[in-house]
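# Observations on the model geometry
Here is what each chain is made of, one letter per residue.
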Amino acid sequence: MAMGAITGQCLCGAVTVTVNDPPGWVGICHCDMCKRWSGAVFAVFPSRDFAFSGPVVEHASSPASFRAFCGTCGSHLYMRDTDREERDLMPGLFQETQDWPVASEIYTDRALCWVQPAGDHKRATEAEYEENNPSPIGQPT
Ligand SMILES: [Zn+2]
Ligand SMILES: [Zn+2]
């Protein structure tokens, strides 16, 4: 069943976003950069067909990627790599993501001890992930 467009907003409402291709699942990363940025748990879903309005601010978090937040309230909005159009959006901006399952979880051995997402999804430790996804800058993005 195709999912319709979903619309979300940041904490203060200054930034709104519509996603026309919601996948219905999220991915989780527990690497040190993602933990630091998210505060604890970094969960995102990919989109190629989206529209933002409002004060979106991008921070160049590494040579390979940007992370974006609301310029008014600081809510995290998305991450993107410099070499692709796709955005990895934060599910908490949207009501509709409430029941979306986890599709994959990486850097599982770096997770905070109380973060153990349920489900029968793909899981990879830091070593397992980096073996199959060598980073051009030698570190997680
Ligand atoms: Zn805001
Ligand atoms: Zn990460």
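Calculation criteria
For every chain, the first residue of the written sequence is number 1, and numbering continues from 1 onward in sequence order. Lettering for chains starts from A, numbering for ligands starts from 1, and both go in the order in which the items are written. Residues qualify for local features only when their pLDDT is at least 70, as the model is predicted, and side-chain atom pairs are given and counted only at 80 or more; totals for whole chains, interfaces and linings, by contrast, use all residues. Where side-chain values are given, they derive from all heavy atoms of the structure, hydrogens and water being excluded. Note on donors: an N, O or S atom is included if it sits within 2.8 Å of the metal, or within 3.2 Å for Na, K and Ca, and water is never included, so sites can look incomplete. Working definition: helices are DSSP H or I runs of at least four residues, strands are E runs of at least two. Numbering for both runs from the N terminus. Note on exposure labels: buried denotes an accessible area under 20% of the residue type's maximum, exposed denotes more than 50%, and partly exposed covers the range between, all computed with a 1.4 Å probe on protein chains only. Any two residues whose heavy atoms approach within 4.5 Å at even a single point are treated as in contact. All geometry calls rest on donor angles, where a four-donor set with angles between 85 and 135 degrees is tetrahedral, four- and six-donor sets with opposite donors more than 155 degrees apart and all others between 65 and 115 are square planar and octahedral, and all else is irregular. Here, a salt bridge means any side-chain nitrogen of Lys or Arg that lies within 4 Å of a carboxyl oxygen of Asp or Glu.

The coordination sphere of the zinc ion (ligand 2) contains the protein donors Cys 29 (SG), Cys 31 (SG) and Cys 34 (SG), at a distance range of 2.2 to 2.3 Å. Spacing between the donor residues of the zinc ion (ligand 2) along their common chain follows C-x1-C-x2-C.

Structurally, the position occupied by Val 26 is in strand S3 (residues 26-29). By relative accessible area, which is 8% here, Val 26 ends up buried. Sequence separation of Val 26 and Leu 93 is 67 residues, and the distance between their C-alpha atoms is 13 Å. Apart from the residues within four sequence positions on either side, Val 26 is in contact with Val 44, Phe 45, Pro 91, Trp 100, Pro 101, Val 102, Ala 103 and Ser 104.

Protein coordination at the zinc ion (ligand 1): the donors are Cys 10 (SG), Cys 12 (SG), Cys 70 (SG) and Cys 73 (SG), at 2.3 to 2.4 Å from the metal. Relative to the metal, the four donor atoms surrounding the zinc ion (ligand 1) lie at angles of 104 to 114°, and the coordination shape comes out tetrahedral. Between consecutive donors of the zinc ion (ligand 1), the numbers of intervening residues give the motif C-x1-C-x57-C-x2-C. Overall, the relative accessible area of 29% leaves Cys 73 in the partly exposed class.

The subject of this paragraph is the pattern of salt bridges. Counted by the stated rule, this structure contains eight salt bridges. When the shortest N-O distance is used, the salt bridge between Asp 32 and Lys 35 registers 3.7 Å. Highlighted residues: Asp 32 and Lys 35, both in helix H1 (residues 32-38), separated by three residues, approximately one helical turn. Lys 35 sits in the buried class, given a relative accessible area of 17%. Close ionic contact of Arg 123 with Glu 105 constitutes a salt bridge, the shortest N to O distance being 3.5 Å. Taken together, the positions of Arg 123 in strand S11 (residues 122-124) and Glu 105 in strand S10 (residues 102-106) put the pair 18 residues apart, joining distant regions of the chain. The exposure class of Arg 123 is partly exposed, given its relative accessible area of 43%.

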